[in-house]
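Reading the structure
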Amino acid sequence: MTSVKTENLASKSNLISSGLRQGDPLSATISNLILDSVIKKLDLRGDISLKPTQIVAYADDVALLARSLKALKEIFHKLQNEATLVGLNINEDKTKYMQIKRKGLKDITHLKIDNFTFENVEKFNYLGSILNAGNKMNKEIGKRVAKGNKTYYANSKLINSKLLKKNAKIEIYKTMIRPVVTY
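So, a few notes on the structure that sits alongside this text. Counting starts from 1 at the beginning of each chain's written sequence and moves along it residue by residue. Only residues with pLDDT of at least 70 get local features here, since the model is predicted, and only at 80 or more are side-chain atom pairs given and counted; chain-wide, interface and lining totals rely on the full set of residues. Computation of side-chain values covers all heavy atoms of the structure but excludes hydrogens and water.

Moving on, we get to the nonpolar core. What tends to happen in soluble globular proteins is that the nonpolar side chains get buried as a cluster. Nonpolar core, defined: a set of buried Ala, Val, Leu, Ile, Met, Phe, Trp, Tyr and Cys residues in which side-chain atoms within 4.5 Å join the residues together. Throughout, exposure labels follow a simple rule: accessible area from a 1.4 Å probe, protein chains only, divided by the maximum for the residue type, with under 20% read as buried, over 50% as exposed, and the rest as partly exposed. By size, the foremost hydrophobic cluster in this structure holds 14 residues, and its most contacted members are Leu111 and Phe118. Those elements that provide at least two residues to this core are helix H1 (25-42), helix H2 (69-85), strand E6 (110-113) and strand E7 (116-120). When checking whether two residues touch, look at their non-hydrogen atoms; a contact exists if any pair is within 4.5 Å. With near-sequence residues (within four places) excluded, phenylalanine 118 lies in contact with Phe76, Glu92, Thr95, Tyr97, His110, Leu111 and Ile113. Helix numbers and strand numbers start at the N terminus; a helix is a DSSP run of H or I with at least 4 residues, a strand a run of E with at least 2.

The structure is reproduced here in structure tokens:
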């Protein structure tokens, strides 16, 4: 049921019999607003070195980071509980698990949390970046560095110019070179 409230007066209640269709622009916006409110309730954004867990989210792509399996399970339960309260579900088929260690990888084929089973992967794509369990420099990082070098050398006359002040050169770096490397 829904009604519209204006100037402290509520309209007659109406029954909602259908929702937004998948793919509707308003559907994505509402979903993102709801998911953002869930993540804010968990208060886990920030520096992973200061907290045992962290959530990184962009739109509906969410990554849970944890220093231990116990911490991962705890944050998963918190996220699941808050999401369920607002009608969101975790898609088991789209959710993956990856463990990164400095020394060797622990061989876990699947991660089980309650009724969920998540596939263990060696690498996955998150927001266009390939993350890998070996935590080693991969081809993608090399490509980004190469693109950054190419952009630097394309602008080297400006950067090496004695006519430009240091602040102008820093702005060239911030607006032209750094975005190529980081995005």
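Here the focus is the pattern of salt bridges. The term salt bridge refers to a side-chain nitrogen of Lys or Arg lying within 4 Å of a carboxyl oxygen of Asp or Glu. Within the structure shown, the criterion is met by three salt bridges. Aspartate 36 is the salt-bridge partner of lysine 40, the closest N and O atoms lying 3.2 Å from each other. Separated by four residues within a single helix, lysine 40 and aspartate 36 lie in helix H1, roughly one turn from each other. The exposure class assigned to aspartate 36 is partly exposed, which follows from its relative accessible area of 26%. Glutamate 82 is the salt-bridge partner of lysine 41, the closest N and O atoms lying 3.9 Å from each other. Taken as a pair, lysine 41 in helix H1 and glutamate 82 in helix H2 lie far apart in primary sequence, 41 residues in all. When its relative accessible area of 58% is taken as the criterion, lysine 41 is described as exposed.

On to the pairing of strand E3 (residues 53-58), then. One ladder, built from six bridges, connects E3 with strand E4 (residues 61-66); its direction is antiparallel. Looking across to E4, one finds that tyrosine 58 is bridged to aspartate 61. By this definition, two strands are paired if DSSP reports at least two bridges between them. The antiparallel pairing of E3 with E4 creates a hairpin that spans two residues between the two strands, and alanine 59 there sits at a positive phi of about 55 degrees.

The next point concerns the sheet that holds E7. Within the open sheet, the three strands sit side by side as E5-E7-E6. Their pairing is mixed. The open sheet has two free edges, formed respectively by strand E5 (96-97) and E6, since each of these has just one partner strand. Here E5 runs beside E7; their pairing, made up of two bridges, is parallel. Residue pairing for E7: lysine 96 is matched across the bridge by glutamate 119. For helices, the axis comes from a line fit to the C-alpha atoms of the stretch in contact; other axes are also lines fit to C-alpha atoms, and the angle between any two N-to-C directions lies between 0 and 180 degrees. The sheet strands contacting H2 are E5, E6 and E7, and the helix crosses E6 at an angle near 55 degrees.

Attention shifts here to H1. Expected helix span is computed as 1.5 Å times (number of residues minus one). The terminal C-alpha atoms of H1 lie 26 Å apart, and with 18 residues this matches the ideal 26 Å at 1.5 Å per residue to within 8%. Residues Leu35, Val38, Ile39 and Leu42 constitute the buried set of H1. Angular distribution of buried residues about the axis of H1 spans 95 degrees; they occupy a single face of the element. Exposed side chains of H1 directed beyond 90 degrees from the buried face belong to Pro25, Leu33, Lys40 and Lys41. Close packing links the buried residues of H1 with E3, E4 and H2. Arc definition: it is the arc formed by the directions from the helix axis to the C-beta atoms.

Another aspect to go through is the packing of helix H3 (residues 139-154) against helix H5 (residues 166-182). Remark: H3 packs on H5, axes separated minimally by 8 Å, with the N-to-C direction vectors making an angle of 165 degrees. Judged by the angle between their axes, H3 and H5 are roughly antiparallel. The hand of the H3/H5 crossing is right-handed. Residues Arg144, Lys147, Gly148, Thr151 and Tyr152 of H3 form the contact with H5, whose own contacting residues are Met176, Ile177, Val180, Val181 and Thr182. Here the angle decides the label: under 35 degrees means roughly parallel, over 145 means roughly antiparallel, 65 to 115 means roughly perpendicular, and every other value means oblique. When the near helix sits turned anticlockwise from the far one by under a right angle, the crossing is termed left-handed; a clockwise turn instead gives a right-handed crossing.

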